[in-house]
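As a plain string of letters, each chain reads:
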Amino acid sequence: MYLVALKMLVGDRGKYLGLIMGLTFAALLITQQSSIFTGLMTRTFSFINDLSQPDIWVMDPKVQFIDDVKPLQDTELLRVRGVTGVEWAVPLYKGLLKARLQDGNFQIVNVLGLDDATLIGGPPVMVQGSLADLRTQDSIIVDEVGASTRLARRSVEPGGGATPLGVGDALEINDRRAVVVGICRVSRTFQSQPVIYTTYNRATTFAPRERKLLSFILVKGAEGMDPRELAGRIARGTGLAAYTADAFKRLTFDFYMRNTGIPINFGIAVTLGFLIGTAIAGQTFYNFTLEHLRYFGTLKAMGTTNGVLLRMIVLQALVVGVQGYGLGIGGAALFGYLMRGTQLAFRLVPEILILAGAAIVVIVTLSALISVRKVMKLEPAIVFKM
Amino acid sequence: MSSNGAAVVLRGVTKSYGSGSSRVQALRGVDLDVRLGELLMLVGPSGCGKTTLISVVAAILDHDEGEITVFDRSLGSMSQLQKTRFRRDNIGFVFQAYNLIPTLTVAENVAIPLLILGSRRSAALSRARDMLDAVGLGDKLSAFPPALSGGQQQRVAIARALVNDPRLIVCDEPTSALDADTGRLVMDVLRRSALSESRALMIVTHDNRIFSFADRIARMDDGRITLVEPQVATS
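Residues numbered from 1 in each chain as written. Chains lettered and ligands numbered in written order. Predicted model: local features only at pLDDT ≥ 70, side-chain atom pairs only at ≥ 80, totals over all residues. Heavy atoms only, no water.

Q: Describe the confidence of the model for chain B, and please don't skip the residues or the numbers.
A: The predicted model of chain B has a mean per-residue pLDDT of 86, with 96% of residues at 70 or higher. Taken over the whole predicted complex, pTM reads 0.73, whereas the ipTM for its chain interfaces reads 0.87. (pLDDT = per-residue confidence, 0-100.)

Q: Go over the pairing of strand β3 (residues 106–114) of chain A with me, naming the residues and quoting the values.
A: Two faces make up the sheet, and in a regular strand the side chains alternate between them. Residues and elements named next belong to chain A. Of all nine residues that make up β3, seven are buried, and the element is covered over most of its length. Strand direction decides the pairing type here: strand β2 (residues 86–100) and β3, joined by eight bridges, are antiparallel. Among the inter-strand pairings, Lys98 is bridged to a residue of β3, identified as Ile108. Counting the residues between successive antiparallel strands, the hairpin from β2 to β3 contains five residues, one of them, Gly104, with a positive phi of roughly 95°. Where β3 lies against strand β8 (residues 195–199), five bridges are found, and the strand directions are parallel. Looking across to β8, one finds that Val111 is bridged to Ile196. (Buried < 20%, exposed > 50% of the residue type's maximum accessible area, 1.4 Å probe, protein only. Helix = DSSP H or I, 4+ residues; strand = E, 2+ residues; numbered from the N terminus. Pairing = 2+ DSSP bridges.)

Q: Pulling in residues and values, what's your account of the packing of aromatic side chains?
A: Inspection of every chain in the model, using the stated rule, returns 10 aromatic pairs over all chains. Considering the side-chain rings of Phe37 of chain A and Phe266 of chain A, the 5.8 Å spacing of their centres and the 50° angle between planes classify their relative orientation as tilted. One end of the pair, Phe37 of chain A, is in helix α2 (residues 13–44); the other, Phe266 of chain A, is in helix α9 (residues 262–291), with 229 residues separating them in the sequence. When sorted by exposure, Phe37 of chain A lands in the same class as Phe266 of chain A, which is buried. Seen in terms of ring centroids, Phe93 of chain B and Phe95 of chain B are 5.8 Å apart; in terms of plane orientation they differ by 5°. Their pairing is stacked. The exposure class assigned to Phe93 of chain B is buried, which follows from its relative accessible area of 2%. When its relative accessible area of 1% is taken as the criterion, Phe95 of chain B is described as buried. Clustering of aromatic rings is evident, with ring pairs tying together Trp57, Phe216, Tyr243 and Phe248 of chain A. (Phe/Tyr/Trp six-rings, centres within 6.5 Å; stacked < 30°, edge-to-face > 60°.)

Q: Explain the sheet that holds strand β2 (residues 24–35) of chain B residue by residue, including any values.
A: With antiparallel pairing, four strands are arranged side by side in an open sheet as β2-β1-β4-β5 (chain B). Each edge of the open sheet is held by one strand with a lone partner, namely β2 and β5 (73–74) of chain B.

Q: Can you break down the interface of chain A and chain B residue by residue, with the values?
A: With 24 residues of chain A at the contact, the number on the chain B side is 28 residues. Both faces combined, the contact of chain A with chain B buries some 2,300 Å², and carbon together with sulfur accounts for 71% of it. Our count for the chain A to chain B interface comes out at one salt bridge. A salt bridge links Glu108 of chain B to Lys7 of chain A; the nearest nitrogen and oxygen atoms lie 2.4 Å apart. On inspection of chain A and its partner chain B, the count reaches five residue pairs in polar contact (both at pLDDT 80 or more). Looking at the side of chain A that touches chain B, the elements with two or more residues in it are α1 (2–11) and α10 (293–301) of chain A. The element that contributes the greatest number of residues to the side of chain A that touches chain B is α10 of chain A, accounting for six residues. Residues of the side of chain A that touches chain B, tallied by class, amount to 13 nonpolar, five polar and six charged. (Contact = heavy atoms within 4.5 Å. Buried area = accessible area lost by both parts, 1.4 Å probe. Salt bridge = Lys/Arg side-chain N within 4 Å of Asp/Glu carboxyl O. Polar contact = N/O pair within 3.5 Å; in protein donor to acceptor, adjacent residues only side chain to side chain. Nonpolar A, V, L, I, M, F, W, Y, C, P; charged D, E, K, R; others polar.)

Q: Which residues make up the environment of Gly12 of chain B, and what values do they have?
A: Residues and elements named next belong to chain B. With respect to the helices and strands, the residue Gly12 is situated in strand β1 (residues 6–17). A sequence separation of 205 residues divides Gly12 from Ile217, and the C-alpha atoms of the two residues are 19 Å apart. Ignoring anything within four residues of it in the chain, the contact list for Gly12 reads Gly29, Val30, Asp31, Glu65 and Gly66.

Q: I'd like a rundown of the side chain of Gln193 of chain A, residues and numbers included.
A: Along the chain, Gln193 of chain A turns up in the loop between β7 (176–185) and β8. Sequence-distant contacts of Gln193 of chain A, defined by excluding residues within four places in its chain, comprise Leu96, Ile108, Val109, Asn110 and Arg150 of chain A.

Q: So, unusual backbone geometry: which residues are in play, and what are the values?
A: Glycine aside, negative phi is the norm for most residues, and most peptide bonds take the trans geometry. With a phi angle near 70°, Asp175 of chain A is a residue other than glycine that sits in the positive phi range. A positive phi angle, near 55°, is found at Asn99 of chain B, a position not held by glycine. Along the chain, Asn99 of chain B falls in the loop between β6 (91–94) and α3 (106–117). Its relative accessible area of 1% is what places Asn99 of chain B among the buried residues.

Q: So what about the sheet that holds strand β7 (residues 168–172) of chain B? Which residues, and what values?
A: Residues and elements named next belong to chain B. Across the sheet, which stays open at both edges, the six strands sit in the order β6-β7-β8-β3-β9-β10 with mixed pairing between neighbours. Since the sheet does not close on itself, it has two edges, and those belong to β6 and β10 (224–230), each with one partner. Across this sheet, the average inter-strand angle for adjacent strands is 20°, counted without regard to direction. In terms of strand pairing, β6 meets β7 through four bridges, oriented parallel. Bridged to Phe93 within β7 is Val170. Against the sheet, helix α1 (residues 50–57) contacts β3 (39–43), β7, β8 (200–204), β9 (216–221) and β10, and its axis sits at roughly 150° relative to β8. (Axes fitted to C-alpha atoms, helices over the stretch in contact; angles between N-to-C directions.)

Q: Please provide a residue-by-residue account of the pattern of salt bridges, values included.
A: Residues and elements named next belong to chain B. Enumeration over the complete set of coordinates arrives at 22 salt bridges over all chains. Here Asp33 ties to Arg11 by a salt bridge, and the two come within 2.9 Å at their closest N and O atoms. Here Asp33 is found in strand β2, whereas its partner Arg11 is found in strand β1, with 22 residues between them in sequence. Taking the relative accessible area as the measure of exposure, Arg11 reaches 39% and is therefore partly exposed. The salt bridge involving Asp62 is made with Lys83; its shortest N-O contact spans 2.4 Å. Residue Asp62 is located in the loop between α1 and β4 (65–70), and its partner Lys83 is located in helix α2 (residues 80–90); the two are separated by 21 residues in the primary sequence. The class for Asp62 is partly exposed, based on a relative accessible area of 33%.

Q: Explain the environment of Ser130 of chain A to me, using residue names and the numbers behind them.
A: Looking at the secondary structure, you find Ser130 of chain A in the loop between β4 (125–128) and β5 (139–143). Sequence spacing of Ser130 of chain A and Lys220 of chain A is 90 residues, and the spatial spacing of their C-alpha atoms is 23 Å.

Q: Tell me about the nonpolar core, residues and numbers included.
A: Among the nonpolar cores identified, the biggest contains 121 residues, and Leu32, Met41, Leu42, Leu53, Phe93, Leu168 and Met202 of chain B are the most heavily contacted of them. With 39 residues, the next largest nonpolar core counts Val80, Val86, Ala147 and Val180 of chain A among its residues. (Core = buried A, V, L, I, M, F, W, Y, C linked by side-chain atoms within 4.5 Å.)

Q: So what about the packing of α1 of chain A against helix α11 (residues 306–338) of chain A? Which residues, and what values?
A: Residues and elements named next belong to chain A. Following both chains from N to C, one finds α1 and α11 inclined at 50°, their axes separated by 9 Å at the closest point. For the element pair α1 / α11, the angle class is oblique. The hand of the α1/α11 crossing is right-handed. Along the contact surface, α1 presents Tyr2, Val4, Ala5, Leu6, Met8 and Leu9, while α11 presents Arg311, Met312, Leu315, Gln316, Val319 and Val320. Counted by class, the contact of α1 with α11 contains 10 nonpolar, one polar and one charged residues. (Parallel < 35°, antiparallel > 145°, perpendicular 65-115°, else oblique. Left-handed = near helix turned anticlockwise from the far one by under 90°.)

What follows is the structure, encoded as structure tokens:
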């Protein structure tokens, strides 16, 4: 009887394709929007991901997320180094500064100042030059996307292409000369400004005069030291906030979730995908059942039990559900693949596939329930009146 | 087989639809016997209760009062599930609009009652082929119903009704959508293929062109059997 159910389903081409399209659309929209949401939210803490060496980030207790810099006095570094269990602690400058380009344009850049001695916290991938080149005078390393977009030299000719910033080119940051000695690759950030690496001391000369300039202290625990325990010890000993890398990511993520419209915007898109998918699939499946009511009634009259009819309808719903889900997530994955290398934030993780799968299960269950109810209540005597 | 030779016995059967002022009394105390080996036609004006009567006999509609016994089993004492199984094992249906599933082949349509009984697909299709041969459609096994004429579709429906060898066949206006020649052909097939000593046929019809195929004709009016008369069969 299950083959009969499948042939009833597949034989009605229009409804069958309509059902699959509705479910594909729902799965595609849910998967795609959730992946963009995840990609965007991942960018909020991409700086933390890129700096993999430290176990612990130490900062002002009022800091709420990675870009919420509240500078510390340089002496705090020495206090943190004095905490038992700290193997090393280095300063990190992080700030948005105004750079003057060679063509006279200005651009806000994200400057990271690394510990002069160790250069800990450097970019994850060097494309040109080396991190050690930062030891030369006025040197900076620029991220490749920033170098080829916002920091690129625009053509004087209308419609002409831009020339990427390259090794040897110079900028002015806060009226101080900065020479590009390397190009690096970093994870895209939420704010999308170009990223510039330099040494801590040079960064403090780029920055406007302030009494406090130390943004973060990066800490590595001694071997065998539990980072969470050490973070607690630093916090208690210094009065500063100390987070493990994961805790700092969570803090940043939570801030964006609470204080921006991102979750609600994407939540609406995902909910719309779910509702539209439910409406299309539910309506089409119900119409399919209505049009086949005569045949369900005939099967019922001939002795098919409600249990078998229920399983036939569930099978039909499952088949279109699996096909719609497969096509939907395939389409979303293809979309992500085609958009690779663009500025689009797209991150498809297994949890999203599970979420989309669960949503499709709910949609087909709701669709099937409406139809099942109709068939279960069907009086077999109706077949003589059809 | 029934001990007294009756396949169906109805005594004082009533059935009404709706309630209060909109209540319609479809059957008003029907008494009727249908014998094994006979083809009984139920005739009468529209709305007289013919379809309601075969519906309660075929256990697809519950009656209100009275006693219905089909092959010595009282329908009134059966649960819905028991009625479903009873239909599966004992009743074959032929509908006015054929009710063949258009996306299944002719052979697959005919095999459905056997699949409901739990037969293996290959065995069911093999038996369906035999039945289609018997009704003269052995060359249409792989055709789909919409590609067949009305007469051919009704012959497929007859094959489907007979394929699991039920003991009672109920037919609702089997020839009303067919021209006279095709109607006679279908009735000929029905009578020849379906009628046997261990089986009974009940046919509801308006079509006086086929009255001659009946063994007896029960006339109904306003929910009652008004006359049961013998009819000489032509075949």
